[in-house]
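Fold and geometry: a report
Residues per chain, in single letters:
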Amino acid sequence: MSAPTTASGSAGRIAAEAPAALTARAPQVPAERLVAEMVPPPRFATVSFDNYITDPGQPSQAEAVEALRAFAGRLDGGAGAKGGRRRWFRRETKPAASGGPRGMYLDGGYGVGKTHLLASLWHATPAAPELKAFGTFVELTNLVGALGFQQTVKTLSGHRLLCIDEFELDDPGDTVLVSTLLGKLVQAGVALAATSNTLPGKLGEGRFAAADFLREIQGLSAHFRPLRIDGEDYRHRGLPAAPAPHSDETVTRAARHIPGAALDDFPALLDHLSRVHPSRYGAMCDGLHAVCLTGVGPIPDQSTALRLVVLADRLYDREVPVLASGVPFDQLFSEEMLNGGYRKKYFRAISRLTALARDAKELADASYGR
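Attention here is on the structure that accompanies the text. Just so we're clear, the structure is a prediction, and the values are computed from it rather than from any experiment. (Residues numbered from 1 in each chain as written. Predicted model: local features only at pLDDT ≥ 70, side-chain atom pairs only at ≥ 80, totals over all residues. Heavy atoms only, no water.)

So, the side chain of His 257
- Mapped onto the elements of the fold, His 257 is located in helix α10 (residues 248–257).
- When its relative accessible area of 5% is taken as the criterion, His 257 is described as buried.
- Of the polar contacts made by the side chain of His 257, one reaches the backbone oxygen of Arg 253; its length is 2.9 Å. (Helix = DSSP H or I, 4+ residues; strand = E, 2+ residues; numbered from the N terminus. Buried < 20%, exposed > 50% of the residue type's maximum accessible area, 1.4 Å probe, protein only. Polar contact = N/O pair within 3.5 Å; in protein donor to acceptor, adjacent residues only side chain to side chain.)

This is the structure in structure tokens:
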């Protein structure tokens, strides 16, 4: 990890400036940046099918790699498509006539490498970066909010491939919106790929009256061929337990020793997130090498919890270590939350924050010159 190395080289040296604060950041993100940033995040900028390490005890992982390699091989980069109708698949396939799924849907638990594989597909697809889009489900819905539905359709219809990470339906509005959007993109010839912890036919289950939107959910499901990926969370394979929270003094000291660190009181940060649109959380993290939090405690309500999930995803994507005092990250969410409809989001956030806390342990040691 680059951030810990930077911090280690700065051990014993107080940063020239006081640490930044996420609560002082409320960036305005232009719509064109949202589109331009629809690429794999830094953590997955160099991944490939070749460096995805399969578990020999989980044959579904190797099978998924081969299926996605074949899918990428059928996509046409369209170098000679200027001025004519784009062909998304090579001539030997006939997707328009077959009526079969136009996308791949990676279903599996936390930490089995779904995002690695999705980003590998993006990299392997033979098209220019501006003709491929990669983003989380939340980022896709945020794009619609920023551009408007028709402009989003127009913008993405010119792409060869749309990759949607962490696909999930949280409310009826999203169901209708995404069903209509993907239907129009498929008609335009855009190939789709998505990851989720939920099979496409079960989307929305436990969150709202999914049965009332069965037609839309079935329509979404029809666009994809599901690929099940089994395995345990790689973030915890053979690794020591997550480090215990630090003291407020340790966190504050580390923040003042680490160039590019942010220091925030956790309750104040949660309050600040309620006033910043989730589409801007990534921009909030620009330039940060670490996030230091004091007073971490249980999340008071579901809306706050879901905002923290988005921030955790953006920090994880950018490989920003998180050093914290207070309660351990596995105590952030109540039992009711962990047993409810959003439990998969919360477990993913716990897994990712735990990994970032493990990354940050070196930062705490470096601040004391250890």
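Next comes the rest of the write-up.
Thoughts on the packing of helix α6 (residues 137–147) against helix α7 (residues 149–156)
- Remark: α6 packs on α7, axes separated minimally by 7 Å, with the N-to-C direction vectors making an angle of 115°. Relative to α7, α6 is oriented so that their crossing is right-handed. Together, Leu 140, Leu 143, Val 144 and Leu 147 of α6 and Phe 149, Gln 151, Thr 152, Thr 155 and Leu 156 of α7 make up the contact between the two elements.
- For the contact of α6 with α7, a count of residues per class yields six nonpolar, three polar and no charged. (Axes fitted to C-alpha atoms, helices over the stretch in contact; angles between N-to-C directions. Left-handed = near helix turned anticlockwise from the far one by under 90°. Contact = heavy atoms within 4.5 Å. Nonpolar A, V, L, I, M, F, W, Y, C, P; charged D, E, K, R; others polar.)

Here's the deal with the sheet that holds strand β5 (residues 224–229)
- Taken in spatial order, the five strands make up an open sheet running β2-β3-β4-β1-β5, and their pairing is parallel. In the strand order of this sheet, the two ends are held by β2 (132–136) and β5, each with one partner. Neighbour-to-neighbour, the strand axes of the sheet open up by a mean angle of 15°, direction not taken into account.
- Contacting β1 (103–108), β3 (161–165), β4 (191–196) and β5, helix α3 (residues 59–74) runs over the sheet at an angle of about 150° to β5. (Pairing = 2+ DSSP bridges.)

Some details on the packing of aromatic side chains
- If you walk through the whole model with that rule in mind, you get two aromatic pairs.
- On the numbers, 5.3 Å between centres and 65° between planes, the contact of Tyr 105 with Phe 224 is edge-to-face. In this pair, Tyr 105 is assigned in strand β1 and Phe 224 in strand β5, connecting sequence segments 119 residues apart.
- Owing to a relative accessible area of 0%, Tyr 105 belongs among the buried residues under this scheme.
- Look at Phe 333 and Tyr 346: their rings are 4.6 Å apart centre to centre, the planes differ by 20°, and that puts the pair in the stacked class. Of this pair, Phe 333 sits in the loop between β8 (322–326) and α14 (335–338) while Tyr 346 sits in helix α15 (residues 343–367); the two residues are 13 residues apart in sequence, bridging distant segments of the chain. The burial state of Phe 333 is the same as that of Tyr 346; both residues are buried.
- Against the face of Tyr 316 rests Arg 43, its NZ or CZ located 3.8 Å from the ring centre. (Phe/Tyr/Trp six-rings, centres within 6.5 Å; stacked < 30°, edge-to-face > 60°. Lys NZ or Arg CZ within 6 Å of the ring centre and 35° of its normal.)

Considerations on the environment of Ala 146
- As for its placement among the helices and strands, Ala 146 is situated in helix α6.
- Each C-alpha atom of the pair Ala 146 and Ser 279 lies 9.1 Å from the other, and the pair is 133 residues apart in sequence.
- Setting aside its immediate chain neighbours within four residues, Ala 146 contacts Ala 31 and Leu 34.

Some words on the sheet that holds β8
- Taken in spatial order, the three strands line up as β6-β7-β8 in an open sheet, and their pairing is parallel. Strands with a single pairing partner mark the edges of an open sheet, and in this sheet they are β6 (261–265) and β8. On average, each strand axis in the sheet is inclined to that of its neighbour by 10°, with strand direction left out of account.
- Inspection of the sheet shows strand β7 (residues 290–296) paired to β8 by four bridges, in the parallel sense.

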